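Commentary on secondary and tertiary structure
These are the residues of each chain, in order.
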Amino acid sequence: MGNTSHDQFAIAGKPAHEIADRLAGATNGNATDVSVENSAASSNQHNDIAAQVFTVDPTGTAIEWTSDGEYVRVDAWGTNSVRVRSRLMQHPLDTDWALLAPPADAPKPSIAVGETAAALVNGEIAVRLEIIGWAKDQMRITFIDTQTGATLLRESSDGGALRLRARKHNPLESGAEAPVASFEPPAGEHLYGMGEYQQNVLDLKGSTLELAHRNSQCSVPFVISSAGYGFLWHNPAIGRVTFAANRTEWQADYCDQIDYWITAGRTPAQIESQYADATGHAPVMPEWGLGFWQCKLRYWNQEQLLDVARGFKKRGIPIDLIVIDFFHWPLMGDFRFDEEFWPDVKAMTDELHRMGIKLMVSIWPQIDLKSENYEEMRHRNFLAKTRTGKDVGMWWPRDSQFFDATNPDARAFVWGKVKEHYTDLGVDAFWLDEAEPEWGGDYDYAHYIFNAGPVGKIGNLYPQKYNQTFYEGQLSIGRENDTVNLSRAAWAGAQRYGALVWSGDVHSTFDDLKAQITCAIHMGAAGIPWFTTDMGGFAGSDITTDAFKELFVRWCQFSTFLPVMRNHGDRGPRNHQVLDQRGNQITHVHTGDDNEPWSFGPEVEKTMVKYIRLREAMRPYTRELFAAAHESGQPLVRGLFYEFPGEEAAANVADEYLFGPDILVAPVTEPGARSREVYLPGAGAAGDAPAELTTWTNLHTGETFAGGQTITVDAPLDVVPAFARNGRDHGLAGLI
């Protein structure tokens, strides 16, 4: 991994102060060190223009450039990392959307100012701020790898007579702006991350992505490059990014400034670790997150749920957690069980706990206009607001408005209700559905406003704050290292609040299964290490057909090698419409067909139980992987590129992945397939000798293959192709 471009400034491996001097004085070797120790003494020694436009922060950790109405601030921000902000006519804002404050005891960067440039060097990254333009009133930023001298990323050129702006602050009538930040990317780079987009695309180079959440789309604007950098667009506005061959462009539709963070690293693992330090580490995954989770749309009464739990125990099928889905309440926003269907919640949770089963309950952020909490929440401004027209955020299944998770008082109010009616009765965890949120299904972002600002401006922040509500609430009742929030969306920083993202309401098709592989890889690369999907897909299933049974088995095999193995879906063809005693069918929705391992016939049950037991056998290994996610931000699901950076053949393999460093998984994603091709990485980067001879052992047959080749392997319906790296099978040999 890394950029092999020319060391233009001859800085590779030099001391930081010398690198800063060379970059600042590269045109004539004349630069002045203005590190915090001598910044005041040297201020009069600069060229007049440089002295006018560059200012070193008194802390010695940042440099600011001003001219032509623009303020640009570059801060050292964590190990090998910097933060860049640009604002018109005012100093940049100190927003903390995702970034945590850098450590107070962090080493100071080296800063130097020359006649036509300034430089800041922070470990393995250097920033060169070059004065450009005939009037010397513009500035261009270049990010450089101090270990190699290679350019990591550079702001786009002004194009001479084209008079282009790399930092373009497009004005809006409101007084805000719709800025675009443009960069010249390194040639030949591969890009990964950005969250979850329903497409079978691994290398994001050449892609255009909407920066917005939708049901089954999760925008986490952090990308890692094979050129040796990671980039966070630190802006929760709705927007767009384009990773074109000639330029990379980040665009926000509505905000106050350009704000991004960039880090340099030798490997994807190093970059992810530095990103976790900057935005927060995932918590410790509790032991009950390592096994099998059972769910369906929906267990609709207390005895039904307990019968299913007893069924697992009677059959000896391992299970860690069972889930109560939505519409267990009287009305959305009541945040409590409907006593008609759930008459003794405490007795229910006590029995589940005696069986060793945890209980997760679905929470939706919608507040029905007839909910017992609606009027109080409306009067206390705890709800989102429409800017014009009827004050409704969603009209399924009835008119409702979303609770405002960006308002700390609203978060406290909701948690108070949840504690009283759920955790005090023994509920162990929460499923945070509708976390985008959906905004009526048409995603008219401009039409709504939160306490923290208009949705078009800060809306992508919502799932982070939604997760914060339940994470901090559970910490307050002593659940440290015992909290998981199953969430339908996330944004940068949500990982520190225990967000386990699932991929939303995807359909029951092999194409959807294939897309979940890249979703899992990209979510991990984007710094959200906890991920899962609806086993079998959510919608469009018929459990009586052989076609669905085949899909379900293949999806089960894939789910075994995800951070969390979870069975869920709205099954057909038989469903039951639930009515309460008032005859109200709208607020209770239907319950789908059966979705337990024994629901699909004996052959499917046999295979499913085989993989649930395999999951149990993996506990020690899975526990190690979750520890690495907590300690250093490492994803559990990794593209081949992650462990084999620099191996071009591994850079864009979209239909297989590594579960941790040692187990390669190649799910079968074609109907009727009973074999498939598998690329086994380990050929080594061009010109490099591999650190070790890589071998791969088939966990089903025991055959061993050398890395760096494509093979064809058998894949009967009960077998997923999986391989152990260099003999490290973690006790799984022969279990598949």
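Now for a quick tour of the structure. No experiment lies behind these values; they were computed from the predicted model shown. (Residues numbered from 1 in each chain as written. Predicted model: local features only at pLDDT ≥ 70, side-chain atom pairs only at ≥ 80, totals over all residues. Heavy atoms only, no water.)

All right, on to the overall build of the protein chain then. The helix and strand tally for the protein chain stands at 15 helices and 44 strands. Viewed in the frame of its principal axes, the protein chain has a C-alpha envelope of about 80 × 70 × 45 Å. Per-residue burial for the protein chain yields a buried fraction of 63% across its 736 residues. A separation threshold of at least 6 residues defines the contact pool for the protein chain, and within that pool the share at least 24 residues apart is 72%. Carbon and sulfur atoms make up 48% of the accessible area of the protein chain, which amounts to about 25400 Å² in all. (Helix = DSSP H or I, 4+ residues; strand = E, 2+ residues; numbered from the N terminus. Buried < 20%, exposed > 50% of the residue type's maximum accessible area, 1.4 Å probe, protein only. Contact = heavy atoms within 4.5 Å. Areas by Shrake-Rupley, 256 points an atom, 1.4 Å probe, with all protein chains shown as cover.)

A word on helix α5 (residues 302-315). Within an α-helix, residues lying three or four positions from one another point in the same direction, as the helix has 3.6 residues per turn. Taking 1.5 Å per residue, 14 residues should reach 20 Å; α5 reaches 20 Å between its end C-alpha atoms and fits that length. Buried residues of α5: Q302, L305, L306, V308, A309, G311 and F312, and no others. Packed against the buried residues of α5 are β20 (292-294), β21 (321-324), α6 (345-354) and β22 (358-363). One side-chain oxygen at the N-terminal end of α5 lies 3.1 Å from the backbone nitrogen of E303; it belongs to N301. (Expected span 1.5 Å × (residues − 1). Polar contact = N/O pair within 3.5 Å; in protein donor to acceptor, adjacent residues only side chain to side chain.)

Position of Q366 relative to the elements: it lies in strand β23 (residues 366-368). Look at Q366 and you get buried, because its relative accessible area is 0%. Separated by 3.0 Å, the side chains of Q366 and S400 make a polar contact. Leave out the neighbours within four places in its chain, and Q366 touches M332, G333, M394, W396, S400, Q401, F402 and E434.

Here the focus is helix α8 (residues 408-421). Relative to the 20 Å expected for 14 residues at 1.5 Å per residue, α8 spans 20 Å between its end C-alpha atoms, a close match to the ideal helical length. Those residues of α8 that sit buried are A410, R411, F413, V414, W415, V418 and H421. The secondary structure elements touched by the buried residues of α8 are β22, α7 (374-379), β26 (429-432) and α10 (462-476). Taking the backbone nitrogen of D409 as reference, a side-chain oxygen 2.9 Å away marks N407 as the first, capping residue of α8.

Pairing is antiparallel across the open sheet formed by three strands, whose spatial order is β24-β27-β28. Pairing within the sheet leaves two strands with one partner each, and these edge strands are β24 (385-386) and β28 (453-454). (Pairing = 2+ DSSP bridges.)

The interhelical angle for the contact between helix α11 (residues 510-525) and helix α12 (residues 546-560), taken along N-to-C directions, is 5 degrees, at an axis separation of 10 Å. Taken together, the axes of α11 and α12 lie roughly parallel to each other. Taken together, the residues of α12 that come into contact with α11 (itself represented by F510, D512, L513, Q516 and I517) are E550, L551, R554, W555 and F558. Split into classes, the residues belonging to the contact of α11 with α12 amount to six nonpolar, one polar and three charged. (Axes fitted to C-alpha atoms, helices over the stretch in contact; angles between N-to-C directions. Parallel < 35°, antiparallel > 145°, perpendicular 65-115°, else oblique. Nonpolar A, V, L, I, M, F, W, Y, C, P; charged D, E, K, R; others polar.)

Here we come to the environment of E703. Mapped onto the fold, E703 is located in the loop between β41 (695-698) and β42 (704-706). For E703, a relative accessible area of 43% corresponds to the partly exposed category. Apart from residues no more than four positions distant in its own chain, E703 is found in contact with W696, T697 and N698. Side chain to side chain, E703 and T701 meet in a polar contact 3.1 Å long.

Approximately 510 Å³ is the volume attributed to the second largest pocket. In terms of lining, the second largest pocket is formed by 24 residues, of which the most central are A76, G78, P102, P103 and A106. Elements that contribute at least two residues to the lining of the second largest pocket include exactly β4 (70-76) and α4 (268-279). (1 Å grid on protein atoms, 1.4 Å probe; cavity = no way out; pocket = protein on both sides within 12 Å on 5 of 7 lines; lining within 4 Å. Points joined across faces, edges and corners; volume = space filled by probe spheres on them.)

A separate point is the sheet that holds β20. If you walk across this open sheet you meet the eight strands as β31-β30-β29-β26-β22-β21-β20-β33, and the pairing is parallel. Looking at which strands have only one partner, the edges of the open sheet turn out to be β31 (531-532) and β33 (565-567). The pairing of β20 with β21 spans two bridges and is classified as parallel. Within β21, the position partnered with W293 by the bridge is L321. Relative to the sheet, α5 contacts β20, β21 and β22, its axis offset from that of β21 by approximately 160 degrees.

A word on the pairing of strand β9 (residues 138-145). The element β9 is extensively covered by neighbouring structure, given that eight of its eight residues are classed as buried. Side-chain alternation along β9 places Q138, R140, T142 and I144 on one buried face and M139, I141, F143 and D145 on a second face that is also buried. Here strand β8 (residues 125-132) pairs with β9 via eight bridges, running antiparallel. Opposite R128, over in β9, you have T142 as the bridge partner. What sits between β8 and β9 in their antiparallel hairpin is a turn of five residues, with G133 showing a positive phi close to 90 degrees. Pairing of β9 with strand β10 (residues 151-155), which is carried by three bridges, proceeds in the antiparallel orientation. If you follow I144 over to β10, its bridge partner there is T151. The antiparallel hairpin formed by β9 and β10 contains five residues in its connecting segment, where G149 sits at a positive phi of about 80 degrees.

Once that is clear, we can look at the nonpolar core. In this structure, I322, L352, F561 and F659 are the most contacted members of the largest nonpolar core, which totals 148 residues. Ignoring any residue separated from it by four or fewer positions in sequence, one finds I322 in contact with Q294, Y299, L305, V308, A309, L352, I357, K358, L359 and M360. Residues V53, V84, L152 and Y260 belong to the second largest nonpolar core, which totals 47 residues. (Core = buried A, V, L, I, M, F, W, Y, C linked by side-chain atoms within 4.5 Å.)

Attention shifts here to the side chain of T622. You can see T622 is positioned in helix α14 (residues 619-632). T622 sits in the buried class, given a relative accessible area of 0%. Excluding anything up to four places from it in sequence, T622 contacts L290, R615 and F659.

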